Amino acid sequence: MKIVSAKVIVTCPGRNFVTLKIQTDQGIYGIGDATLNGRELSVVSYLQDHVIPCLIGRDAHQIEDIWQYLYRGAYWRRGPVTMSAIAAVDTALWDIKAKAANMPLYQLLGGRSREGVLVYGHANGKDIAETVDEVGKYIDMGYKAIRAQSGVPGLASTYGVAGDKMFYEPADAALPTENVWSTPKYLTHTPKLFEKLRDTYGDGHEFLHDVHHRLTPIEAARLGKSLEPYRLFWMEDAVPGENQEAFRIVRQHTVTPIAIGEVFNTIWDAKTLIQEHLIDYIRTTVVHAGGITHLRRIADFAALHHVRTGSHGATDLSPVCMGAALHFDIWVPNFGIQEYMRHTEETDAVFPHDYKFENGYLIPGDTPGHGVDIDEELAAKYEYKPAYLPVNRLEDGTLWHW
Ligand code: GCO
Ligand code: MG
């Protein structure tokens, strides 16, 4: 089965998405997500100018060989742009293979290991009271696991606290907006939020929290320790991940489970973290970590070290990524949890899909392939709009981690 053409589709049904569509000589096509938030057009160029010309005429069934060709063959390995482009090709090829086999993708990976994929939703509020109410709404919707983020007294805006409660969208302006951050204020405030959540809702739900890479190792250790009484499912991205050894300090001090990986793009970003048992959950996902082929490699390595998966699933990962991730999740033996931020109705209409939310779980459908398509006519109506993630400064103006 030969690849005869491939194209990149850019659309903005409320936010930007980049999708690769690969067509074969047997009339079967596959699609893959290539969205890199705030840097979308660099992946478009990487695919159009450097990848697509190398794909034409290749056997669409040779997923592994094509992966190695694009990774090793480019000489310049790794990085979010390269790995998102490779992921898009890989996802589209798995979609094609599964359609050709007339099977849902999870069957090719090894079949279902579970009935549904446990997901967590995002509750947030301007203060503790509002956040506690928002968590209640997620509980009412059937969620078993909820991430909670709250505004911090004395800070005008805080990461994860949204205007629109259902469809949080951080890439909110044509040029980056600026937020102000104070670690001391945050560290004093956050344990109070989780104390209130446990007091209000008891022990029946999992609570998660995202620190968004804002602490030093010893600060993260302190936060993890102060959250221990509230038994978090995880503390996410406590420290920037470039220096993996930094997590030794966090690990030494706290038994709060540790998650990281949404900005990682290969197994090398997590090698020390995993092999030294410094984390509990690896958050790499299909689109930013080289597709199903590479994610499987990361998950297998993680399984040897008791690390479970917890894939990133924010709104900037398109429904195409979510569909593929769910097929992966329903199979992967060391599954932990899947993030699920709902897409808007406009986005869902551009990307018709067969997965559904039921009682705290997402369930992939049985359509051959990964179960997500793109309505190209509708996609064409939404033109690309420059949108950036914010930047973050300390109160004295120092540029900090976003
Ligand atoms: C999460 C993330 C997101 C990211 C966003 C960047 O845990 O969902 O931290 O909110 O910031 O996906 O593009
Ligand atoms: Mg995060």
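Details of the structure are given in the entry above.
Everything in this summary refers to the structure shown in the same document. (Residues numbered from 1 in each chain as written. Chains lettered and ligands numbered in written order. Predicted model: local features only at pLDDT ≥ 70, side-chain atom pairs only at ≥ 80, totals over all residues. Heavy atoms only, no water.)

## Things to note about the overall build of the protein
Consideration 1: Within the protein one finds 13 helices and 16 strands.
Consideration 2: A compact globule built from 402 residues should have a C-alpha radius of gyration of about 21 Å, and the protein, at 20 Å, falls within 12% of that.
Consideration 3: C-alpha atoms of the protein, sized along the principal axes, occupy 60 × 45 × 45 Å.
Consideration 4: Residues classed as buried in the protein amount to 58% of the 402 residues present.
Consideration 5: Sequence-distant contacts, at least 24 apart, represent 73% of the contacts inside the protein between residues at least 6 apart.
Consideration 6: Roughly 15600 Å² of accessible area belongs to the protein as shown, and the carbon and sulfur atoms make up 52% of that amount.
Consideration 7: Within the protein, one finds 38 positive and 51 negative side-chain charges whose respective centroids are separated by 4 Å. (Helix = DSSP H or I, 4+ residues; strand = E, 2+ residues; numbered from the N terminus. Rg over C-alpha atoms; globule rule 2.2 N^0.38 Å. Buried < 20%, exposed > 50% of the residue type's maximum accessible area, 1.4 Å probe, protein only. Contact = heavy atoms within 4.5 Å. Areas by Shrake-Rupley, 256 points an atom, 1.4 Å probe, with all protein chains shown as cover. Lys, Arg positive; Asp, Glu negative; His and termini not counted. Charge placed at Lys NZ, Arg CZ, Asp CG, Glu CD.)

## Comments concerning helix H6 (residues 183-201)
Consideration 1: When the terminal C-alpha atoms of H6 are compared, their 27 Å separation across 19 residues agrees well with the 27 Å that a helix rising 1.5 Å per residue should span.
Consideration 2: Among the residues of H6, those classed as buried are Thr183, Tyr186, Leu187, His189, Thr190, Pro191, Leu193, Phe194, Leu197 and Arg198.
Consideration 3: Elements in contact with the buried residues of H6: helix H5 (128-141), strand E5 (145-150), strand E6 (178-181), strand E7 (206-210) and helix H7 (217-227).
Consideration 4: A distance of 3.2 Å separates the backbone nitrogen of lysine 185 from a side-chain oxygen at the start of H6, and that oxygen is part of serine 182.
Consideration 5: Two residues or fewer after H6 comes glycine 202, characterised by a positive phi angle close to 75°. (Expected span 1.5 Å × (residues − 1). Polar contact = N/O pair within 3.5 Å; in protein donor to acceptor, adjacent residues only side chain to side chain.)

## Digging into the packing of helix H2 (residues 63-72) against helix H10 (residues 291-304)
Consideration 1: Between H2 and H10, whose axes approach to 9 Å, the crossing angle comes to 90°. As summarised for this structure, H2 and H10 are arranged roughly perpendicular, according to the angle between their axes. Contacts from Ile63, Glu64, Trp67 and Gln68 in H2 reach Thr293, His294 and Arg297 in H10. (Axes fitted to C-alpha atoms, helices over the stretch in contact; angles between N-to-C directions. Parallel < 35°, antiparallel > 145°, perpendicular 65-115°, else oblique.)

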